[in-house]
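Spelled out, the chains give:
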Amino acid sequence: MRNNMDKQRLPMPEIINDDKHRHKQFNGHFDSNRFRPPKVKTRYIAVENNNLNRSQSSGSCSANNSQIAHAISFRGGSECSDAGILPTSPSAAAAASSMSTTSCNMSHFEQCFERLTKLGEGSFGEVFQVRDRSDSRLYAVKISKQLFRGEQYRAERLEEVRRYEEFSGHENCIRFIRAWEQYDRLFMQMELCRESLEQYLYRCRHIPEDRIWHILLDLLRGLKSLHDRNLIHLDIKLENVLIDDDDTCKLADFGLVIDVDKANNHQATEGDSRYMAPEILQGHFSKAADIFSLGIAMLELSCYMDLPSNGPLWHELRQGKLPEEFISKISVELQQVIKCMMSPDPRQRATTEQLLAHPRLVRMQKQEKSMVTLKLLSKCFRRSRRAFWLKMCNLKTAAYRCLFYLLEILHLYKPITSSQTPMYNGNTATAAPSSPSTSVAGVPRLEFQLVGSTPIGNRDCYISDFLLAMDMDLSQHGTPTACERENLVNSTPINHNHLTANRQRSSSARKTRPEKSNLLSVDENCSFVSSPSKVLETSSFRGKKLFTLDVDEE
Ligand SMILES: Nc1ncnc2c1ncn2[C@@H]1O[C@H](COP(=O)(O)OP(=O)(O)OP(=O)(O)O)[C@@H](O)[C@H]1O
Ligand SMILES: [Mg+2]
């Protein structure tokens, strides 16, 4: 009796009490830890912003080995993980030296990349969107959360690098760029994908069945490349599938990839319990376990179903009992494929080859083959269009520069020194306070950016001298007329309405604060009113802001 009481007091395992399957819930943000899989229980140290644990490195460049960035590569069949000390690229060095921190205090990551946003987080690492300082392109860098405390953990992370490298060339596996270790952390640079399949599901909720088939095809191809090498992924789930800009699905996160034989020698780590095949509980690891995970992921994707991480519903799904209210919403053809992939008996589950031989998938592959040339052409077209816009944008910039030089040569203005700079306050010239944005001290500078209409943003063209000329000479000498000047401005693709609107704003600003109207503006009579020292806001080809006057008080 007493024994029974004691038993009752024992802590109960966490069990989901719901006896019904549910649709996924999304409360507006991703809680990546909501369903953390029962993985290795280690204390993770989150990567602090701009503080990649450099405790050992403080103030000294004569660092121990862990402070030096070492490239990691297994390419070329080499078993050697340490491919040498990483040199700092000239652009990275330049970027580093332009910052206040000395390059010796900066990690290789900080020297080479500008960190933009955090893309995601798993149990092993945090992934950031970065801009490579050497080529200005965007990439993803995964930084391990946990420090290399033991050789075993380090070896596991290096194994992940080897797998990323191994599958990098496959169209349906994530493209790996390079890896290095520093400060006892692993850094992996890879291609940047648009989103994970999980994010895609939350965004779309209902995914058309056609698209589900395409996703299945992509993932079967990716998985086949692993299975053909006798490797198993063991962590197939929506979070570990990434979608690139061409809508191609790619397998990622090779952290648990292992040889089937090694896996069954107790060296494997099981993945997320929501996607886990039932036989994993008995310690039986096989390629069929990946097929089960992919099958249940397809169920989640096609039915927008919340997968249980344990409890009776977890067991039901592994006994082949798929909830009718969910599964009935999809076609019988897809139902059959999912059921076949989720068969309780691993021997009954179809292999990747068998699944790829499904008539629907065969048809799709044939169609794809005939589309390959078209796809290539469209890719080429997109690339050349991008290059064309880049050229156009540069041409525009060059054209404006030429125009301003021409004006200078034609003596449409005289360069003036700061001491000569007349500052108008109404009709009275006053001394010019210096402004950080003026090219010549006290000379107002008008900047505009070629933004928006082209893929290249923020190319600055300064026309301060040009406006200064108008300010100084044109109003006095009468060449060209004020309206001609406006036309000159409008000969650039600048939105006229904004000019007018801002003209009104500037005039009202002048009216309301005559003593503070040190702005360069255009009045109602097309005459330029000089208003010194303040900087005019940037204008944009999108026409959002143009010649808007920037006044602190506004
Ligand atoms: N190349 C990439 N482009 C865009 N997002 C990415 C990229 N790589 C990873 N992510 C995002 O970061 C998340 C975590 O990455 P990843 O799965 O590699 O980390 P992990 O710690 O190994 O995860 P797990 O807990 O599954 O082991 C992904 O779910 C995805 O949302
Ligand atoms: Mg992951």
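The structure reproduced in this document is the subject of the present report. (Residues numbered from 1 in each chain as written. Chains lettered and ligands numbered in written order. Predicted model: local features only at pLDDT ≥ 70, side-chain atom pairs only at ≥ 80, totals over all residues. Heavy atoms only, no water.)

Focus: the coordination of the magnesium ion (ligand 2)
A four-donor tetrahedral metal ideally has 109.5 degree angles, and a six-donor octahedral metal ideally has angles of 90 or 180 degrees. We apply this condition: Counted as coordinating are nitrogen, oxygen and sulfur atoms within 2.8 Å of the metal, or 3.2 Å for Na, K and Ca, while water is not included, which may make sites look incomplete. Helix numbers and strand numbers start at the N terminus; a helix is a DSSP run of H or I with at least 4 residues, a strand a run of E with at least 2. Burial classes follow relative accessibility: with a 1.4 Å probe on protein chains only, a residue under 20% of its type's maximum area counts as buried, one over 50% as exposed, and anything between as partly exposed.
In this structure, Asn240 (OD1) and Asp253 (OD) serve as the protein donors to the magnesium ion (ligand 2), at separations of 2.1 to 2.3 Å. One end of the pair, Asn240, is in the loop between strand 10 (231–232) and strand 11 (241–243); the other, Asp253, is in the loop between strand 12 (249–251) and strand 13 (258–259), and 13 residues separate them in sequence. Using a relative accessible area of 6% as the deciding quantity, one classes Asn240 as buried.

A look at the site of ligand 1
Operational definition: One heavy atom suffices: a residue is near a molecule or strand as soon as one of its heavy atoms comes within 4 Å of it. The definition of a polar contact used here is a pair of N or O atoms within 3.5 Å, where within protein one atom must be able to donate a hydrogen and the other to accept one, and adjacent residues in sequence count solely through side-chain atom pairs. Surface exposure here means Shrake-Rupley accessible area, sampled with a 1.4 Å probe, where a residue is shielded only by the protein chains that are shown. Residues were grouped as follows: Ala, Val, Leu, Ile, Met, Phe, Trp, Tyr, Cys and Pro as nonpolar; Asp, Glu, Lys and Arg as charged; and all remaining residues, including Gly, as polar. Throughout the structure description, domain borders are defined by an automatic or database domain assignment.
With respect to spatial proximity, 25 residues lie near ligand 1, and among them Ser123, Phe124, Lys142, Glu191 and Asp253 are the closest. A distance of 2.7 Å separates an oxygen atom of ligand 1 from a polar backbone atom of Ser123. Burial of ligand 1 by the protein chains amounts to 96% of its free accessible area of 630 Å². When contributions to the shell around ligand 1 are tallied by element, the ones reaching two or more residues are strand 4 (113–121), strand 5 (125–132) and strand 6 (138–144). Examining the composition of the shell around ligand 1, we find that three residues originate from one element, strand 4, more than from any other. Of the residues contributing to the shell around ligand 1, the split by class is 10 nonpolar, six polar and nine charged. Shared between two domains, the shell around ligand 1 takes at least three residues from each, and those domains are domain 1 (108–192) and domain 2 (194–357).

What to know about a positive patch on the surface
Heads up, the rule is: The residues that make up patches have over 30% relative accessible area and no salt bridge, and they are joined within 9 Å when like-charged or within 5 Å when they are Val, Leu, Ile, Met, Phe, Trp or Tyr. Just to be clear on terms, a salt bridge is a Lys or Arg side-chain nitrogen sitting within 4 Å of an Asp or Glu carboxyl oxygen. Charged residues are defined narrowly, with Lys and Arg counted positive, Asp and Glu counted negative, and His plus the chain ends left uncounted. Think of each charge as sitting on NZ of Lys, CZ of Arg, CG of Asp or CD of Glu.
A cluster of basic side chains, namely Arg137, Arg175, Arg383, Arg385 and Arg386, defines a positive patch on the protein surface. When you line up the elements, Arg385 lands in helix 13 (residues 359–409). Given the relative accessible area of 43%, Arg385 is considered partly exposed.

Side note on the pairing of strand 6
Put simply, the rule is: Being paired, for any two strands, means DSSP has found at least two bridges between them.
Judged by how many residues are buried, strand 6 sits mostly within the fold: six of seven residues are covered. With seven bridges joining them, strand 5 and strand 6 adopt antiparallel strand pairing. Residue pairing across strands places Glu126 opposite Ile143, the latter belonging to strand 6. Linking two consecutive strands that pair antiparallel, namely strand 5 and strand 6, is a turn of five residues; a positive phi of about 60° is found at Ser136 within it. The pairing of strand 6 with strand 8 (residues 185–190) spans four bridges and is classified as antiparallel. Residue pairing across strands places Val141 opposite Gln189, the latter belonging to strand 8.

As far as function goes, none of this settles anything; it's purely spatial.
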